[in-house]
Amino acid sequence: MTGHVFAVASGKGGVGKTTTAVNAAAAMAESGRSVVLVDYDLGMANLGAVLTVEPAAATLHDVLAGDAETLDAVGSAPGDLDVMVGGTDIEDFGRADPSKLRDVAADLREAYDVVVVDTGGGLSHDTTVPLGLADDVLLVSTPQGAALENTAKTLALAERVGGEVAGLVLTRVSGSVDTEDSVADLDVPLLGSIPEDGGVADSEEAGEPLVVFAEESPAAQSYRELGYELLGESPPLSFQNDDEEASAAAGAALAEVADEPGTRGSPSLLSRVTGGLLGSNGKD
Ligand SMILES: Nc1ncnc2c1ncn2[C@@H]1O[C@H](COP(=O)(O)OP(=O)(O)OP(=O)(O)O)[C@@H](O)[C@H]1O
Ligand SMILES: [Mg+2]
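Quick notes on the rules
- Residues numbered from 1 in each chain as written.
- Chains lettered and ligands numbered in written order.
- Predicted model: local features only at pLDDT ≥ 70, side-chain atom pairs only at ≥ 80, totals over all residues.
- Heavy atoms only, no water.
- Helix = DSSP H or I, 4+ residues; strand = E, 2+ residues; numbered from the N terminus.
- Contact = heavy atoms within 4.5 Å.
- Phe/Tyr/Trp six-rings, centres within 6.5 Å; stacked < 30°, edge-to-face > 60°.
- Lys NZ or Arg CZ within 6 Å of the ring centre and 35° of its normal.
- Buried < 20%, exposed > 50% of the residue type's maximum accessible area, 1.4 Å probe, protein only.
- Pairing = 2+ DSSP bridges.
- Right-handed = clockwise from strand over helix to strand, strands pointing away.
- Salt bridge = Lys/Arg side-chain N within 4 Å of Asp/Glu carboxyl O.
- Near = heavy atom within 4 Å.
- Polar contact = N/O pair within 3.5 Å; in protein donor to acceptor, adjacent residues only side chain to side chain.
- Areas by Shrake-Rupley, 256 points an atom, 1.4 Å probe, with all protein chains shown as cover.
- 1 Å grid on protein atoms, 1.4 Å probe; cavity = no way out; pocket = protein on both sides within 12 Å on 5 of 7 lines; lining within 4 Å.
- Sits in = over half its atoms within 2 Å of the grid points.
- Points joined across faces, edges and corners; volume = space filled by probe spheres on them.
- Nonpolar A, V, L, I, M, F, W, Y, C, P; charged D, E, K, R; others polar.
- Expected span 1.5 Å × (residues − 1).
- Arc of directions from axis to C-beta.

Quick look at the overall build of the protein chain
- Counting secondary structure elements, the protein chain contains 14 helices and eight strands.
- For the protein chain, long-range pairs separated by at least 24 residues make up 70% of all intrachain contacts whose partners lie at least 6 apart in sequence.

See below:
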């Protein structure tokens, strides 16, 4: 079986794409899949700012410039993640040919079960390339109106370049937000609702995915549900049992969300919608 490519995209910057890419990837790695996370924010590489990356011999920019083989640019990070990050020199940016990402993705598909591509914000060429080649685009937005409006534009763009949009992940959701209402105007499934969680900043400081750093924190639990749902599975029972406590700790508002049909409280939202993006079997 060849690997499944997810691209994480948003209309507005700073809404939680990188956090989502890192933690959905780490949750899928936790399930035993081989996972590689690609930092495709070519102008402003930022995975390295939130993860302690053990660098490889080459960078993604080297590969996109035709100066290195794809797998030579795969480093590693906590959470059993392999990672590809860009170079940080200004010249690197000029050398990289975004259209080569297609070849990079093909190489990674051969070597991994799951490829997660984190993209930059906005609607540049850099962003549209991964949207078009991913098996599934995960849109990320905060529940704020302006962010959701930009999400609608990214959705339209993804569809124009032939991208398959799996749905929306709402991030930094707090108290009073009605998540169903937030997504009502966007004709896509709500894949997950991630609570505002101070642990996110702490995990970035520690250079680890939140699902590793504080594995039972509210946002980690929500990211775990998302990751497993993308695989068409349920999180391990040990986490499911703890989930209720975590939700309770996240506050009454989250519990309300969980009670509503069709939101994160249902055991396998995406499985119901799509039968699971990866099917239910693992590595074999
Ligand atoms: N669930 C959350 N709870 C609290 N803070 C969060 C949460 N998710 C993300 N953040 C914070 O929001 C900020 C932006 O997150 P992130 O870097 O993931 O966004 P992004 O969409 O990748 O941004 P950019 O467009 O700049 O790449 C970070 O400071 C992060 O710590
Ligand atoms: Mg980012």
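Topic: the packing of aromatic side chains
- Applying the stated criterion across every chain, the model contains zero aromatic pairs.
- Cation over ring: Arg-224 sits above Phe-239, and NZ or CZ is 3.5 Å from the ring centre.

Considering the pairing of strand 6 (residues 136-141)
- Strand 6 sits mainly inside the fold: six of its six residues count as buried.
- Examined bridge by bridge, strand 1 (residues 4-9) and strand 6 share four bridges and lie parallel to one another. Looking at strand 6, one finds that Val-8 is bridged to Leu-138.
- Judged from the five bridges that link them, strand 6 and strand 7 (residues 165-173) form a sheet pairing that is parallel. If you follow Ser-141 over to strand 7, its bridge partner there is Leu-170.
- Chirality of the crossover, the property in question, places the unit of strand 6, helix 7 (residues 145-160) and strand 7 among those that are right-handed.

Section: the pattern of salt bridges
- Evaluation of the coordinates by the stated rule reveals six salt bridges.
- The salt bridge partner of Arg-95 is Asp-62, with a shortest N-O separation of 2.8 Å. Placement of Arg-95 in helix 4 (residues 90-95) and of Asp-62 in helix 3 (residues 60-64) is noted, with a sequence separation of 33 residues between them.
- Of the charged contacts in the structure, one is a salt bridge between Glu-196 and Arg-172, with a shortest N-O distance of 2.9 Å. Within this pair, whereas Glu-196 is found in the loop between strand 8 (190-195) and helix 9 (199-206), its partner Arg-172 is found in strand 7, the two being separated by 24 residues in sequence.

With respect to the site of ligand 1
- Near ligand 1 lie 15 residues; those nearest to it are Gly-14, Lys-17, Thr-18, Thr-19 and Asp-197.
- In the model, a nitrogen atom of ligand 1 is placed 2.8 Å from a nitrogen or oxygen of the Asp-197 main chain.
- Notes on ligand 1: free accessible area 630 Å², of which the protein chains cover 79%.
- Judged by the fraction of its atoms near the pocket grid, ligand 1 is located in the largest pocket.
- Breaking the shell around ligand 1 down by element, the ones donating at least two residues are helix 1 (17-30), strand 8 and helix 9.

Thoughts on the layout of surface pockets
- The calculated volume of the largest pocket comes to roughly 490 Å³.
- If you trace the largest pocket, you find 32 residues lining it, with Gly-16, Lys-17, Thr-19, Val-200 and Glu-204 closest to the centre.
- Of all the secondary structure elements, the ones that give two or more residues to the lining of the largest pocket are helix 1, strand 7, strand 8, helix 9 and helix 11 (218-230).
- Looking at which element gives the most residues to the lining of the largest pocket, the answer is helix 1, with five residues.
- Class assignment for the residues of the lining of the largest pocket results in twelve nonpolar, 13 polar and seven charged.

Some remarks on helix 7
- Compared with the 22 Å implied by 1.5 Å per residue over 16 residues, the 23 Å span of helix 7 between its first and last C-alpha is a close match.
- Inspection of helix 7 places Ala-147, Leu-148, Thr-151, Thr-154, Leu-155, Leu-157 and Ala-158 among the buried residues, and these make up the whole buried set. All buried residues of helix 7 fall inside an arc of 170 degrees around its axis, so they share one side. Seen from the buried face of helix 7, the exposed residues on the opposite side, beyond 90 degrees, are Glu-149 and Arg-160.
- Remark: Gly-162 follows helix 7 within two positions and exhibits a positive phi of approximately 80 degrees.

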